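Now for the letters of each chain:
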Amino acid sequence: MFITFEGIEGTGKTTQIKLLTNFLKESGHEVDVTLEPGGSRIGRELRKILLNMDSTDITGECELFLYLADRAQHVGQVIKPAVEAGKVIISDRFADSTIVYQGYGRGLDPKLLRELNDVAVSGHWPDLTVLLDIDPEIGLKRAMTRNLQDNKMQEEGRFEAESIDFHSRVREGYLTWAALNQERFVVINADQTPDEIFTEIKEKVVERLQSR
Ligand code: TMP
């Protein structure tokens, strides 16, 4: 089973992925955790270019193709083998991030991005996507604090430095895209305690596992 987590910056995806991984392992599942960008060796090189504050001269199209390249490598080397081995694989971001950030955020055509993603994922769309939804003002404040604490502002801060308007378009884009893909998405209010959020996620994941 392939599960992805999506949302703007600072929604608490990392915490929830850890909680879900522990829960699934305790229930007897074999679980791999991965992320985009940077889920493969080549992807880690692409991540440096994509997230560094110095990449301000990147064009929208170049950014798009680097995310797609990262994904194609990630699917081939990490996701496909895990799914074929019968594992649960959880990815922190995946193809929906491209549709929402490069599409609704940057203004590229979401329909075209869906088609380009079809090439990159080669049949491996997620079985379940958890969208953690939060007000961008709250999320960005959390993400900035985390980057400052981890001293990652320069290395990883390019998207956090985007305007609040950009992040609001991304948030709305996620909600629109989730409504268009209801069979796969669950939307969770991330402005709750980690335990409250996890209770909702657990319920949805168990439901999905039982229906397979
Ligand atoms: P993160 O690892 O802190 O979530 O940072 C990844 C950033 O990359 C995040 O701001 C969203 C952005 N992104 C895209 O714009 N398009 C994509 O396809 C992916 C996977 C991420």
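Calculation rules
- Residues numbered from 1 in each chain as written.
- Predicted model: local features only at pLDDT ≥ 70, side-chain atom pairs only at ≥ 80, totals over all residues.
- Heavy atoms only, no water.
- Helix = DSSP H or I, 4+ residues; strand = E, 2+ residues; numbered from the N terminus.
- Polar contact = N/O pair within 3.5 Å; in protein donor to acceptor, adjacent residues only side chain to side chain.
- Contact = heavy atoms within 4.5 Å.
- Pairing = 2+ DSSP bridges.
- Axes fitted to C-alpha atoms, helices over the stretch in contact; angles between N-to-C directions.
- Near = heavy atom within 4 Å.
- Areas by Shrake-Rupley, 256 points an atom, 1.4 Å probe, with all protein chains shown as cover.
- 1 Å grid on protein atoms, 1.4 Å probe; cavity = no way out; pocket = protein on both sides within 12 Å on 5 of 7 lines; lining within 4 Å.
- Sits in = over half its atoms within 2 Å of the grid points.
- Expected span 1.5 Å × (residues − 1).
- Buried < 20%, exposed > 50% of the residue type's maximum accessible area, 1.4 Å probe, protein only.
- Arc of directions from axis to C-beta.
- Salt bridge = Lys/Arg side-chain N within 4 Å of Asp/Glu carboxyl O.
- Core = buried A, V, L, I, M, F, W, Y, C linked by side-chain atoms within 4.5 Å.

### Quick notes on the side chain of Ser91
Okay, step 1: With respect to the element layout, Ser91 can be found in strand S3 (residues 88-92).
Okay, step 2: Reaching out from Ser91, the side chain makes a polar contact with the backbone oxygen of Arg93 at a distance of 2.8 Å.
Okay, step 3: Setting aside anything within four residues of it in sequence, one finds Ser91 in contact with Phe2, Ile3, Thr4, Phe5, Thr34, Leu35, Glu36 and His74.

### Quick notes on the sheet that holds strand S5 (residues 185-189)
Okay, step 1: If you walk across this open sheet you meet the five strands as S2-S3-S1-S4-S5, and the pairing is parallel. On the outer flanks of this sheet lie strand S2 (31-35) and S5, each paired with one strand and no other. Taken over all neighbouring pairs, the strand axes of this sheet differ in orientation by 20 degrees on average, direction set aside.
Okay, step 2: Inspection of the sheet shows strand S1 (residues 2-6) paired to strand S4 (residues 128-133) by four bridges, in the parallel sense. Paired with Ile3 across the strands is Leu128, a residue of S4.

### Re the site of the ligand
Okay, step 1: The environment of the ligand is formed by 13 residues, the closest being Glu9, Tyr67, Arg93, Thr98 and Gln102.
Okay, step 2: At 2.5 Å from an oxygen atom of the ligand is found a side-chain nitrogen or oxygen belonging to Thr98.
Okay, step 3: Relative to its unbound accessible surface of 480 Å², the ligand loses 93% to contact with the protein.
Okay, step 4: In a pocket analysis with a 2 Å cut-off to the grid points, the ligand is assigned to the largest pocket.
Okay, step 5: Elements supplying a minimum of two residues to the shell around the ligand: helix H2 (41-51), helix H3 (60-84) and helix H4 (95-105).
Okay, step 6: Here the shell around the ligand gets four residues from one element, more than from any other, and that element is H4.

### A word on helix H1 (residues 13-26)
Okay, step 1: Between its first and last C-alpha atoms H1 spans 20 Å; for 14 residues at 1.5 Å apiece the expected length is 20 Å, and the two agree.
Okay, step 2: Within H1, burial applies to Lys13, Gln16, Ile17, Leu20, Thr21 and Leu24. Seen from one end, H1 has its buried residues packed into an arc of 135 degrees, which puts them on one side. What points out from H1, more than 90 degrees from its buried face, is the exposed set Lys18 and Glu26.
Okay, step 3: Where H1 is buried, its residues contact S1, S2, S3, S4 and helix H9 (194-210).
Okay, step 4: In the segment just after H1, Gly28 is the residue with positive phi, at about 95 degrees.

### Structural notes on the pattern of salt bridges
Okay, step 1: Throughout the structure, instances matching the rule amount to 15 salt bridges.
Okay, step 2: Of the charged contacts in the structure, one is a salt bridge between Arg158 and Glu63, with a shortest N-O distance of 2.9 Å. With a gap of 95 residues between them, Arg158 in the loop between helix H7 (153-156) and helix H8 (164-180) and Glu63 in helix H3 connect regions that are remote in the sequence. Each of the two residues, Arg158 as well as Glu63, counts as buried.

### Some thoughts on the nonpolar core
Okay, step 1: Counting residues in hydrophobic clusters, the biggest one holds 51 residues, and the most contacted among them are Ile3, Phe5, Leu20, Ile90, Val130, Leu132 and Ile201.
Okay, step 2: When residues of this core are assigned to their parent elements, the largest contribution, seven residues, is made by H3.
Okay, step 3: With residues up to four places along the chain from it excluded, the contact list for Phe5 reads Lys13, Gln16, Ile17, Leu20, Ile90, Ser91, Asp92, Arg93, Val130, Leu132 and Ile201.

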